[in-house]
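Structural overview for review
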Protein chains: 4
Amino acid sequence: MKTEVFTLPNGSDITLTTYILDTSEEMPNMKIRPAVLVCPGGGYSACSDREAEPVAMAFLAQGYNAFVLRYSVGKGKAAFPRPLEDAEAALELIRMNAGKWSVDKNKIAVIGFSAGGHLAAALAAMGRVRPNAVILGYPCILSSIGDVLVEPVPSITDYVDAKTPPAFIFASSEDTCVPIENSLAFATALDKAKVPFEMHIFEKGNHGFSLATPVVCSNRTALEANRFAKQWFSMCMDWLNNLFAIG
Amino acid sequence: MKTEVFTLPNGSDITLTTYILDTSEEMPNMKIRPAVLVCPGGGYSACSDREAEPVAMAFLAQGYNAFVLRYSVGKGKAAFPRPLEDAEAALELIRMNAGKWSVDKNKIAVIGFSAGGHLAAALAAMGRVRPNAVILGYPCILSSIGDVLVEPVPSITDYVDAKTPPAFIFASSEDTCVPIENSLAFATALDKAKVPFEMHIFEKGNHGFSLATPVVCSNRTALEANRFAKQWFSMCMDWLNNLFAIG
Amino acid sequence: MKTEVFTLPNGSDITLTTYILDTSEEMPNMKIRPAVLVCPGGGYSACSDREAEPVAMAFLAQGYNAFVLRYSVGKGKAAFPRPLEDAEAALELIRMNAGKWSVDKNKIAVIGFSAGGHLAAALAAMGRVRPNAVILGYPCILSSIGDVLVEPVPSITDYVDAKTPPAFIFASSEDTCVPIENSLAFATALDKAKVPFEMHIFEKGNHGFSLATPVVCSNRTALEANRFAKQWFSMCMDWLNNLFAIG
Amino acid sequence: MKTEVFTLPNGSDITLTTYILDTSEEMPNMKIRPAVLVCPGGGYSACSDREAEPVAMAFLAQGYNAFVLRYSVGKGKAAFPRPLEDAEAALELIRMNAGKWSVDKNKIAVIGFSAGGHLAAALAAMGRVRPNAVILGYPCILSSIGDVLVEPVPSITDYVDAKTPPAFIFASSEDTCVPIENSLAFATALDKAKVPFEMHIFEKGNHGFSLATPVVCSNRTALEANRFAKQWFSMCMDWLNNLFAIG
């Protein structure tokens with residue numbers, strides 16, 4: 001396994017952390033691996049550690065190579081479309097290095113949480129380059145969510161098109177930070193554009209539950225509140241492995 | 001365990017089949033039980049056995065008493081609101097016999113599939129009497145679905161109100177019989193009315209997957225196609241037991 | 001679904017309660033069903049309700065027909081081999097009525113808990129007639145367990161033979177009532193006789209956890225103590241359905 | 001995340017690969033982490049990649065830091081107790097660097113597979129230093145297994161004592177390479193020494209199934225054969241997290 005941090009040309013603080021698993025003659029069907037690009041949340045004012053390395057680890061354990069993007073954040077810097085340009089650059093870098101990094105360039109998913117979900121959705125629906133699957137955790141989608149972000153954002157629903165890849169959405173309907181109408185609106189847009197999708201809206205779950213594991217939940221109360229929502233990950237892997245014909 | 005078939009005054013072919021579990025001093029917390037009223041699907045032209053007794057059994061195994069309603073179906077007979085009147089009568093009968101049938105009258109869920117989902121949603125949103133929770137499997141919701149039903153139906157979304165109980169919805173987005181917009185529209189209406197809800201939309205799954213078990217799937221192909229969607233039941237029990245404070 | 005109570009010729013208080021699911025043209029692969037014979041525990045001094053109907057329900061929900069045996073119990077009456085004769089009579093009655101009860105006579109499992117596990121193991125290893133699979137929950141196996149039973153019992157390990165059907169065993173190693181050496185000894189005997197088996201020994205779990213569901217656990221403490229052990233049932237169904245080629 | 005390879009003083013080809021997760025102020029309960037020492041199998045003639053990095057990844061995803069030991073293997077070099085000395089040195093190195101590597105020195109489990117299971121069991125029962133938990137996958141335990149190993153080995157059952165840490169064992173009873181009597185004998189020895197243990201013996205499963213994921217299974221046939229046995233990992237984490245009071 002090899003981990004490196006690359007600085008993207010987009011800015012001195014825009015980094016892509018790569019997690020590349022070893023290959024082995026003993027594991028012939030994983031010489032070329034599917035991959036995931038992770039966009040942590042943080043209201044476009046930061047990139048949360050809770051939705052960065054732990055998420056990469058969850059996918060690495062499933063045999064995926066993983067990449068964590070720390071994109072443009074903060075007042076001014078996060079002005080759209082700068083974060084989208086960062087994500088496009090990251091995806092291009094991964095595809096360019098697919099051979100070196102043992103990545104199947106046609107099996108790259110992007111996953112984003114909250115504001116990072118807005119970014120992942122933007123890459124999927126508006127990107128100059130597109131991922132092969134998109135996974136959204138309690139995503140910001142609509143411009144109306146701008147109030148909780150540092151900069152205004154476009155409604156991604158306006159851009160969903162036939163080139164948008166299959167999508168997996170998860171969230172909780174009691175989320176008081178990002179209203180569930182964001183996920184519902186995105187699913188409705190996908191349905192209209194005939195893009196295949198799966199969506200799991202749990203009733204219970206705090207905003208930002210990430211993987212809902214002991215790693216990312218700092219106490220029993222949080223683990224308890226998110227104990228049902230935690231199931232998103234195994235369902236996501238069922239869905240993604242089926243899409244990518246893994247296993 | 002005691003099973004009986006009651007004919008409702010609504011019509012000679014309108015029946016309620018009751019499944020009442022034995023009580024025991026050894027199981028003190030299940031002397032009064034939660035209950036479920038099952039509305040099978042069948043396009044308002046029949047009541048499918050695949051969504052009747054097997055569904056009752058799944059809930060009985062969780063300690064719920066169960067009731068299967070065979071409501072008004074067929075051209076003419078199924079004209080709205082006749083099926084709704086049947087469901088109201090069934091719910092009233094259960095509440096009236098709550099003592100005799102060891103049912104907690106404040107813990108009665110209704111579950112409906114497809115056209116039976118339309119009926120269950122109608123009972124939840126329009127009923128003269130209401131259940132305490134509603135569970136909808138790949139439900140018909142919108143009047144636009146009328147084409148596949150024997151009689152026109154109202155859009156239940158027009159009636160969702162503050163008295164509508166918490167809802168659990170499951171479906172598959174690739175369903176070619178009942179478009180997924182039905183579930184999406186109902187969830188959107190619940191969200192607007194501030195009714196708590198949970199919704200699981202799998203990408204894969206044939207219309208009418210019911211419990212997706214060997215009992216209701218007649219071959220390997222069907223089991224395989226519905227293997228992910230099958231998870232709805234355990235998530236439904238998590239949700240319902242949490243709502244009803246069971247366990 | 002039809003439930004009846006039959007008194008066996010073995011004694012006026014020896015009963016077999018039958019739970020026969022309805023058949024339907026819509027469920028063609030479940031016209032002839034696999035079945036389970038349930039032997040509740042109770043130290044050969046009683047038959048516990050907690051390991052009777054709730055267990056039948058769990059199997060009914062999987063499409064099995066179910067039969068609960070209330071066998072000879074109490075000082076004197078439970079003297080071996082009287083309970084075994086009851087179980088043999090019950091199994092013969094089921095096979096004799098296989099056609100009427102829609103049972104596949106070659107797909108009949110027996111399940112027993114604690115002292116009922118001793119009985120189920122006896123039927124499997126010593127019976128004049130044998131079931132097609134045996135499932136043992138925290139079973140009494142060795143004569144050394146006689147102290148906690150009302151009558152002495154033989155060690156079933158002495159009788160395991162090539163005709164003993166495949167076995168599934170579950171228990172907890174912290175059980176202070178029936179020592180885990182009982183399960184270990186039985187598995188060792190099966191291994192020596194080359195009988196296929198599966199065994200799940202959880203560390204945590206109170207004696208008599210049954211299904212470890214809210215139905216049979218009377219409080220949160222019990223549910224919490226048995227939350228891991230609860231997984232035996234789904235693994236048991238994986239194993240049994242695979243053995244019986246169901247699904 | 002930081003990965004390094006350390007050569008142990010025991011020999012130029014004895015290495016410890018370290019996987020140390022990043023810490024973060026946002027994840028306060030994972031600043032000091034539990035850890036796992038992984039001993040791959042390979043008949044004491046090699047260390048299998050299939051039971052090395054993929055296993056480390058599975059634990060990293062649960063918030064554990066991980067260490068893979070490549071111990072003395074091959075005719076002559078693997079002569080007991082050389083591999084045990086390697087494992088002792090590895091465990092000492094981890095405890096010595098606990099501060100630097102953010103490891104809780106009282107929450108270190110060792111996991112071993114097949115011959116690596118023999119080594120892990122030896123460390124747990126005979127080690128000069130001992131781990132805090134031991135996890136054994138289809139382990140070699142008895143000297144009778146020597147035929148399939150490059151060097152004779154002692155029966156670990158002879159050494160189980162009160163200092164042996166709690167154990168988790170998993171295997172399949174149809175394993176034709178390492179007879180299941182090895183696991184049964186070890187559990188029996190643990191029981192006699194009153195060491196807490198959990199053991200899951202699946203009927204189905206090929207020898208060397210590792211995590212039974214698409215990463216380590218090279219085709220559908222292998223995935224299918226091991227689909228039940230695959231459940232060991234989540235039960236192992238339930239058990240280990242409970243033991244280590246994680247979550």
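Model, not experiment: these values are computed from the prediction.

Quick look at empty space enclosed by the protein
- Counted by the stated rule, this structure contains two cavities of 30 Å³ or more.
- In this structure, the largest cavity encloses a volume near 80 Å³.
- Taken together, B:E53, B:P54, B:M57, B:L211, B:V215, C:L21, C:D22, C:R33, C:L60, C:A61 and C:G63 make up the full set of residues lining the largest cavity.
- Counting residues per element, the lining of the largest cavity draws most heavily on helix α1 (residues 53-60) of chain B, at three residues.
- Tallied by class, residues from the lining of the largest cavity come to seven nonpolar, one polar and three charged.

Notes on the packing of aromatic side chains
- All told, the structure shown has 60 aromatic pairs over all chains when counted by the stated rule.
- Seen in terms of ring centroids, B:F170 and B:F209 are 5.9 Å apart; in terms of plane orientation they differ by 45°. Their pairing is tilted. Separated by 39 residues along the polypeptide, B:F170 in strand β7 (residues 167-172) and B:F209 in the loop between β8 (197-202) and α5 (220-225) bring together distant segments of the chain.
- A residue is classified by how much of its surface remains accessible, and B:F170, at 0% relative accessible area, is buried.
- With 6.1 Å between their ring centres and 85° between their planes, D:Y138 and D:F170 make a pair best called edge-to-face. Of this pair, D:Y138 sits in the loop between β6 (133-137) and β7 (167-172) while D:F170 sits in strand β7, and the two are 32 residues apart along the sequence.
- By way of ring pairs, the aromatic residues A:F59, A:Y64, A:F113, A:Y138, A:F168, A:F170, A:F209, A:W232, A:F233 and A:W239 are connected into one cluster.

Brief notes about the arrangement of the chains
- Left apart from each other, chain A and chain C have a closest C-alpha approach of 13 Å.
- Across the gap from chain B to chain D, with no contact made, the nearest C-alpha atoms are 13 Å apart.

Some words on the relation of the copies chain D and chain A
- Mapping chain D onto chain A is achieved by rotating through 180° and translating by 0.0 Å along the same axis, at an RMSD of 0.0 Å. Within this description, the copies of the chain are treated as partners about a two-fold rotation axis. No C-alpha of chain D lies nearer the rotation axis than that of D:A61, which sits 3.2 Å from it.

Notes on the confidence of the model for chain A
- Of all residues in chain A, 100% attain a pLDDT of 70 or more, and the chain-wide mean is 97.
- On the interface metric, ipTM, the complex scores 0.98, and its pTM is 0.98.

Things to note about helix α4 (residues 181-192) of chain A
- Compared with an ideal rise of 1.5 Å per residue, which puts twelve residues at 16 Å, α4(A) spans 16 Å between its outermost C-alpha atoms and is within 8% of the ideal.
- Among the residues making up α4(A), those that are buried are A:N182, A:S183, A:L184, A:F186, A:A187, A:A189 and A:L190.
- For α4(A), the elements touching its buried residues are α3 (115-126), β6 (133-137), β7 (167-172) and β8 (197-202) of chain A together with α4 (181-192) and β8 of chain B.
- Once α4(A) ends, the next one or two residues include A:K194, with phi positive near 60°.

Comments concerning the relation of the copies chain C and chain B
- Note on the identical chains: chain C maps onto chain B by a rotation of 180° and an axial translation of 0.0 Å, with an RMSD of 0.0 Å.
- A shared interface surface links the copies, since 100% of the contact residues of chain C are contact residues in chain B too.

How each quantity is defined
Residues numbered from 1 in each chain as written. Chains lettered and ligands numbered in written order. Predicted model: local features only at pLDDT ≥ 70, side-chain atom pairs only at ≥ 80, totals over all residues. Heavy atoms only, no water. 1 Å grid on protein atoms, 1.4 Å probe; cavity = no way out; pocket = protein on both sides within 12 Å on 5 of 7 lines; lining within 4 Å. Points joined across faces, edges and corners; volume = space filled by probe spheres on them. Helix = DSSP H or I, 4+ residues; strand = E, 2+ residues; numbered from the N terminus. Nonpolar A, V, L, I, M, F, W, Y, C, P; charged D, E, K, R; others polar. Phe/Tyr/Trp six-rings, centres within 6.5 Å; stacked < 30°, edge-to-face > 60°. Buried < 20%, exposed > 50% of the residue type's maximum accessible area, 1.4 Å probe, protein only. Contact = heavy atoms within 4.5 Å. Least-squares fit on C-alpha atoms with pLDDT ≥ 70 in both. pLDDT = per-residue confidence, 0-100. Expected span 1.5 Å × (residues − 1).

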